[in-house]
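# Secondary and tertiary structure notes
Each chain, written out:
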Amino acid sequence: MSPRHNRPRGGETPDERPRTGLDRYGLERTEEYRGEEWKVRHVAGASAAGKRYRCPGCDQEIPSGTPHVVAWPEYGGVEDRRHWHKACWNAKDRRTSKVQRSRNAPRY
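Residues numbered from 1 in each chain as written. Predicted model: local features only at pLDDT ≥ 70, side-chain atom pairs only at ≥ 80, totals over all residues. Heavy atoms only, no water.

## A short note on the nonpolar core
Judged by nonpolar contacts, Y33, W38, V40, C55, I62, V69, A71, W84, C88 and W89 together constitute the single largest core of 10 residues. Elements that contribute at least two residues to this core include exactly β3 (36–43), β6 (68–73) and α1 (86–90). Once residues lying within four places of it in the same chain are set aside, the contact partners of W89 are R29, E31, Y33, W38, V40, V69, A71 and W84. (Core = buried A, V, L, I, M, F, W, Y, C linked by side-chain atoms within 4.5 Å. Buried < 20%, exposed > 50% of the residue type's maximum accessible area, 1.4 Å probe, protein only. Helix = DSSP H or I, 4+ residues; strand = E, 2+ residues; numbered from the N terminus. Contact = heavy atoms within 4.5 Å.)

## Considering the pattern of salt bridges
A full pass over the atoms with the stated rule returns five salt bridges. We note a salt bridge from R41 to E28, for which the minimum N-O separation is 2.4 Å. Note that R41 is positioned in strand β3 and E28 in strand β2 (residues 26–33), a separation of 13 residues in sequence. Here R41 and E28 have matching classes, each one buried. Across the pair K92 and E31 runs a salt bridge whose closest N-O atoms are separated by 3.5 Å. One end of the pair, K92, is in the segment after α1; the other, E31, is in strand β2, and 61 residues separate them in sequence. For K92, a relative accessible area of 10% gives the class buried. A cluster of three or more residues bridged by salt bridges with shared partners is formed by E28, K39 and R41. (Salt bridge = Lys/Arg side-chain N within 4 Å of Asp/Glu carboxyl O.)

Structure follows, in structure tokens:
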């Protein structure tokens, strides 16, 4: 059996191929949330090392090194980016609009 070749077939050059959502940070896609388009990017655990974020879906901390999702409005800026647990982002439409905290939950 001959080895597998990972070369494009046909006459197309790399510039002629359709662009996927790949950029230097990873795969990016667009989803609708709250009536507007949001850019969504998956973050691997290794690239999230050293930083902690608070998930807006469950109001819990995303520990350093945990894979998660970064989402922001399509026409928003850097300050509009939010880091979500993957499960929280997938369940965002099933959650209530107001997150309920327990009495002893931190308020930051």
